[in-house]
Structure formats: C-alpha cells, structure tokens
Amino acid sequence: MKELGRLASWGSLPGLVRQLTGLGGCARPIRLAGYRAEHAVDTTTGEIGPELHRLDSTDLPAGHLLVRCNNRRTTRCATCAETYRRDTYQLITAGLRGGKGTPEQVAAHPRVFATFTAPSFGPVHNRPDAGRCRCGVRHTPDDPALGTPLDPDGYDYEAAVLWNAHAGALWRRFSIYLRREIAKRAGLTQRAFRQYARVSFAKVAEYQKRGAVHFHAVIRLDGPTGGDTPPPSWASAELLTDAIRAAVAAARITGPVLDGRAHTFAFGRQLDVRVIRSADLGGGTELTDRAVAAYIAKYATKGAETATGTLDRPLRFLAELAGLDLSDHARRMIRTAWALGARKDLAHLRLRAWAHMLGFRGHFSTKTRRYSTTLGALRQARAEWRRLQATIARGETPHDPAAEPEETTLVLGHWAFAGTGLTPGEQWLANSLTPDTSTEGETAHA
C-alpha cells in the first residue's frame, strides 16, 4: 500500500503499529485532533514552570490521537462490546459477592434475580414448552418467524411502540412502589424505612423477538447506607420477593390518549422472581451469583438489532428503509414509531430519534448508586494499570502517591473530534496485528 510505504520511508511505521496495537482491536476508533501539554508547578509559590512534555496529534503517525469507540453494540464493534460485557459482569458480580470497592458482606444480604416482561400486543409465533405454536408449526429456535405476529394487521403496533417508550418510566414507578411494599411488610412508614434499609439494584434491558423491551434485574436489600451496613433482622429474600410481586401488580403508567383511545402501561403477567444463592450453597444447584452476572452481562451488548433484525443506528429519513434488509415486523415497528413521532403531543418521547430502537430510549444498563462500582471506575483502574506497566517497561520507577513532591504537574489540553474509523492502510495493518487486549484505548500520554 502506498500509505504504508510512505510511513515506512519516513520511519513512522513502528509508531503507527504501537498506536493501532494500543486500540485493543477496536474496529471504529475515534480520531481526535489537538494537544496535551504538561507544566511543572511550584506548590509553594504557585508559579507555572516551563513545558515538560507535549503531545500533539500532528506528530502522531496516524495524524490523530486514536481512542477506542467503547461502543457496547456487537454489531458496531465486537471488541469494545466484549470489553463492555466483561465490565458489566464485574459490576454485577461486585454487587453480589463484593470486591471492586464493595464490601464482601453483600453476599449475605437478601438478593433476588427478577425478569419483568412486556404485556401482549397480539399473538405471535412462539415455541411453547409443550405442544405447537398457534399456527400449528413446531418452530425451530432459529426460525425467523418467531416473535412475528400471527395476524400482522391485527397486531397493536401503536401500543407496542408506546410500551417501549414508557418502559423506563414504568420501571421508575415500580421502584417507588417496591420501597412502599417493603416498608408496609416491615410495619414501617416510608420515611422510617430509610432509617432501616435501602433497596439496591442493577438491571439491563433486553428486546424480546417481538421487539418489546423487558428487564432483567438483580435486586438486593441492604442496611440504611447500602452494602456496607447489614440489613435489619426482618429483611429476607422471601419478604423481598413478595414485595416485588405486589409492586409489579400496582405499578401503572398512564400514557397518551390517541384518537380517543387511552393507553395505560403495566408489566406483563410473566413475572419471574428467583432467590440468588451463593456458589457455596446448594452444591451448585441453586441460582448462583456467577450465573446471574453472566446472564445479565450477555444482554448488556445486545440491542433491538440483535433480537429483531432492526437497525443499530438512527434514521435520518424514513425513505432509508427502502434500501435496508429488514423483516416486515421490524419495518412496521419502525414506521409506527416514525408516524407517532410526528405528533406534537408525543414530541417529548422523541420517537423519530429512537425509531431504530422501536421507541425505547432508556439506558440498557442501569444501577443504583450503592449497588457496586461503576463502569467508569473499572475503566480508570484499567487505564492506571496500563500506565504503570508502561512506566515499568521504560525502566522508570513508578510514582509513589504517598510521597509529597515539591512540584506538581499542571496538564493543559484541547481535543476536538476529527472523525471515526481507520484509513484503508491503517485497517490493513490493524488486521495483521495482535491487539493488546488489556488496553482501553488510553495512550500513555493521553
């Protein structure tokens, strides 16, 4: 390639190899233009000294600073999605057995794994536990007909899209009712409940094949300040399970009235709540924390495009659908979202912006503050580890945070978005490299 030959003649090829290897296999890195400068600062006088080090994007072999896209979708970047899945696994696991800054005593707190489904919008092709589908066929697991309506013209596409648009609000309503139901069973007022216990949870959203969102959640009952305090003596997994079922039955969201038809949204009848046992109990036959974490992490990287064959990026114009290979069911869901998005009374739902997600605009992975660590903290720890390894590789002494330096460092920088992806030459070279899977795209200087 001419591009690689030019870099080789300039002696820049080894540097480009290091840049691309540091991406860890990211398929669509973000290109940044700008600089980063370090200045010594006298802590006594506050005087800013001369520039110690400068990183300028124009001096890099790629002409830009390349950082990982960190996209969670497997269809956009499989490598970054895998990192996201592993981080989600660690986040969920920390809230179940401790670690990563979460006390180990959370493993003894009441914990359940719950699945909240969507209501029915019309019969669809499925694989019942016994017998055949209503259409008379025994579908295979990979049958594209699964999840599609038996009668497309009779399927309530409008309600299905609006359900997705209101699912996040319904979850928030459920979480409020859950605290009320737990307090009621403990004989406490809601105000008094806060002095005795706290509900912590982590959840992910998953699309069913029919295109409706449902939620998987780990719900834990802690002491008043979270996982670092033991729950009260009356707290139990059975009480938590009972409260969840009552809260689901009570939670309702009043939706819009369209053409004289009122929409009210609630969770579906298929509610599954199972107590989580530690791996040390039940000889491994119980639902363990490891199994739950792996199950939730699996769905953290999958969107509507994985389950229903829809899009993994927004539409600019509805006419774009004509050139896309979509199922009739996904196409009708998108068209319905687009049509509803034109209504002024539904502008707050931003249905056109989220038509590719069939109306759902919530976060796929959420948690309460006290459940466990954060994805940001995990990424920061990994970046710091990489910088430490780079320091050791250069033969330098790692910085001791306990040592109080006479001077500190002031970092000034400015970075601007300059595009995404790799040039053809960079892509060819990246395909021939073994990525450093321990990296997150942070450079030693960035």
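First, a word on what this report is: a plain description of the structure on this page. This is a predicted model, so every value here is computed, not measured. (Residues numbered from 1 in each chain as written. Predicted model: local features only at pLDDT ≥ 70, side-chain atom pairs only at ≥ 80, totals over all residues. Heavy atoms only, no water.)

A short note on the overall build of the protein chain
When its secondary structure is counted, the protein chain shows 11 helices and 11 strands. The buried share of the protein chain, reckoned over its 446 residues, is 45%. For the protein chain, contacts bridging at least 24 residues in sequence account for 72% of all contacts bridging at least 6. Summing over all exposed atoms, the protein chain offers an accessible surface of approximately 22800 Å²; the carbon and sulfur share of this is 51%. (Helix = DSSP H or I, 4+ residues; strand = E, 2+ residues; numbered from the N terminus. Buried < 20%, exposed > 50% of the residue type's maximum accessible area, 1.4 Å probe, protein only. Contact = heavy atoms within 4.5 Å. Areas by Shrake-Rupley, 256 points an atom, 1.4 Å probe, with all protein chains shown as cover.)

Re the pairing of strand S2 (residues 48-56)
Taken together, the 6 bridges between strand S1 (residues 30-42) and S2 define a ladder with antiparallel strand orientation. Following the sheet pairing, Glu-38 is matched in S2 by His-53. (Pairing = 2+ DSSP bridges.)

Regarding the packing of aromatic side chains
For the structure on display, the rule yields 14 aromatic pairs. Between Trp-171 and Phe-201, the aromatic rings sit 5.2 Å apart at their centres with planes inclined by 75°, giving edge-to-face as the arrangement. Here Trp-171, found in helix H4 (residues 157-185), pairs with Phe-201, found in strand S5 (residues 198-207); they are 30 residues apart in sequence, far enough to count as distant. Centre to centre, the rings of Phe-215 and Phe-267 are 6.4 Å apart; their planes meet at 80°, and the pair counts as edge-to-face. Linking Phe-215 in strand S6 (residues 213-222) with Phe-267 in the loop between strand S8 (261-265) and strand S9 (272-275), this pair joins segments that are 52 residues apart in sequence. Grouping residues by exposure puts Phe-215 and Phe-267 together as buried. When the ring centre of Tyr-35 is taken as origin, the NZ or CZ atom of Arg-54, which lies over that ring, is 4.5 Å away. We note Lys-203 situated over the ring of Trp-171; from NZ or CZ to the ring centre the distance is 5.5 Å. (Phe/Tyr/Trp six-rings, centres within 6.5 Å; stacked < 30°, edge-to-face > 60°. Lys NZ or Arg CZ within 6 Å of the ring centre and 35° of its normal.)

Regarding unusual backbone geometry
Its identity as a non-glycine residue notwithstanding, Asp-259 has a phi of 55°, on the positive side. On the secondary structure map, Asp-259 appears in the loop between strand S7 (253-258) and S8. On the accessibility criterion, Asp-259 (72% relative accessible area) is exposed.

Considering the pattern of salt bridges
Tallied over the full model, the rule gives 17 salt bridges. For the salt bridge of Asp-156 with Arg-261, the shortest nitrogen-to-oxygen distance reads 2.2 Å. Here the residue Asp-156 occupies a position in the loop between strand S4 (111-116) and H4, and Arg-261 occupies one in strand S8, the gap between them amounting to 105 residues. Relative accessible area serves as the criterion here: at 18%, Asp-156 is assigned to the buried category. With its nearest N and O atoms 4.0 Å apart, the salt bridge here joins Arg-316 to Glu-320. When its relative accessible area of 66% is taken as the criterion, Arg-316 is described as exposed. (Salt bridge = Lys/Arg side-chain N within 4 Å of Asp/Glu carboxyl O.)

A short note on the environment of Arg-352
Relative to the elements of secondary structure, Arg-352 occurs in the loop between helix H9 (328-340) and strand S10 (365-367). Classification of Arg-352 by relative accessible area gives partly exposed; the value is 33%. In this structure the C-alpha to C-alpha distance between Arg-352 and Gly-341, which are 11 residues apart in sequence, comes to 5.0 Å. If near-sequence neighbours (up to four positions away) are discounted, Arg-352 is found in contact with Ala-337, Trp-338, Gly-341 and Ala-342. One polar contact links the side chain of Arg-352 to the main-chain carbonyl oxygen of Trp-338, over a distance of 3.0 Å. (Polar contact = N/O pair within 3.5 Å; in protein donor to acceptor, adjacent residues only side chain to side chain.)

Details of the side chain of Thr-93
In this fold, Thr-93 is placed in helix H3 (residues 78-97). Looking at Thr-93, the relative accessible area reads 9%, which means it is buried. Side-chain polar atoms of Thr-93 contact the backbone oxygen of Tyr-89, separated by 2.7 Å. Those residues in contact with Thr-93 that lie beyond four places of it in its chain are Gly-98 and Ala-293.

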